[in-house]
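Structural description and commentary
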Amino acid sequence: MASSNSKRTNETARKIFKILLTNLRIKFSWVKADGSNIGNERADQLAKDATQHAQPFSLNKLPKPHIKDLLRKRMFEKWQTSWKNADTGRKIYNIMPSVSLRPTNWIREDVIFFSQHGPFPAYFKRFHLSDSDYCSCGEIGTALHYATECIYTESWHMRRTAPNFERQWMKRVANNLVARHKIRGIVKFISENQDLFRPP
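Just so it is clear, the structure is predicted and the values come from calculations on it, not from any experiment.

**As for the overall build of the protein chain**
Within the protein chain, the secondary structure is distributed over nine helices and zero strands. Counting every position in the protein chain, which comprises 200 residues, the buried fraction comes to 23%. A fraction of 42% describes how many contacts in the protein chain between residues 6 or more apart in sequence connect residues 24 or more apart. As presented, the protein chain carries roughly 15,300 Å² of accessible surface, and 54% of it is formed by carbon and sulfur atoms.

**Overview of the environment of Q116**
Within the secondary structure, Q116 sits in the loop between α5 (108-115) and α6 (121-126). In the structure, Q116 is positioned 25 residues away from K91 in sequence and 7.6 Å away in space, judged by C-alpha atoms. If we skip the residues at most four places from it in the chain, Q116 touches K91, V111, Y123, A143, E166 and M170.

**Focus: the side chain of D110**
Position of D110 relative to the elements: it lies in helix α5. Side-chain polar atoms of D110 contact the backbone nitrogen of I107, separated by 2.9 Å. If sequence neighbours within four positions are ignored, D110 has contacts with N105, R180, I183 and R184.

**Remarks on the packing of α5 against helix α9 (residues 177-192)**
For any two helices packed against each other, the geometry is given by the interaxial angle and the distance between the axes. At a closest axis distance of 9 Å, the pairing of α5 and α9 adopts a crossing angle of 85°. One element, α5, and the other, α9, form an angle in the roughly perpendicular class. Listed contacts from α9 to E109, D110, I112, F113 and F114 of α5 are R180, I183, R184, V187 and K188. The residue inventory of the contact of α5 with α9, partitioned by class, reads five nonpolar, no polar and five charged.

How each quantity is defined
Residues numbered from 1 in each chain as written. Predicted model: local features only at pLDDT ≥ 70, side-chain atom pairs only at ≥ 80, totals over all residues. Heavy atoms only, no water. Helix = DSSP H or I, 4+ residues; strand = E, 2+ residues; numbered from the N terminus. Buried < 20%, exposed > 50% of the residue type's maximum accessible area, 1.4 Å probe, protein only. Contact = heavy atoms within 4.5 Å. Areas by Shrake-Rupley, 256 points an atom, 1.4 Å probe, with all protein chains shown as cover. Polar contact = N/O pair within 3.5 Å; in protein donor to acceptor, adjacent residues only side chain to side chain. Axes fitted to C-alpha atoms, helices over the stretch in contact; angles between N-to-C directions. Parallel < 35°, antiparallel > 145°, perpendicular 65-115°, else oblique. Nonpolar A, V, L, I, M, F, W, Y, C, P; charged D, E, K, R; others polar.

As structure tokens, this is what we get:
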């Protein structure tokens, strides 16, 4: 029984323990639940009344670790909902749909490639920074194009994905360190040789 432990930090339990110590005539015994014991029935009624009419509990009386767990859980729920319903960052969301405090170990080039916000003609055109979304090789200049088919980045090419499986391809590459090294090489090469990739 919780109240019989003198080390309890719960204030009510400590008060009960003190009463028990000062009133040695109080005895505890097991009572059959449906035995029509007047004291037991009264205790049941008081417990029911307490659940229906008691004052709201105070967080100050809850153990700190419990409060931390509640706040952490609530924070993650709000963060996950916000991430799921956001209007931006959808390319990254497709790769990492769940929020986490665990580091991804991504570097700048990884973020550029997977967000597709970088030195790619398709990105420049989308944000009206260029009149054309074509690479100088004659194809649409997307991140995926440079990773799988552009003649200028052939040294870093990976197997091309079917159009319907781009999301899964990006997720697989993001979780593969060898593939990430290749995309880092691609992004660095494009960044250092932007004139080479300007549309014709």
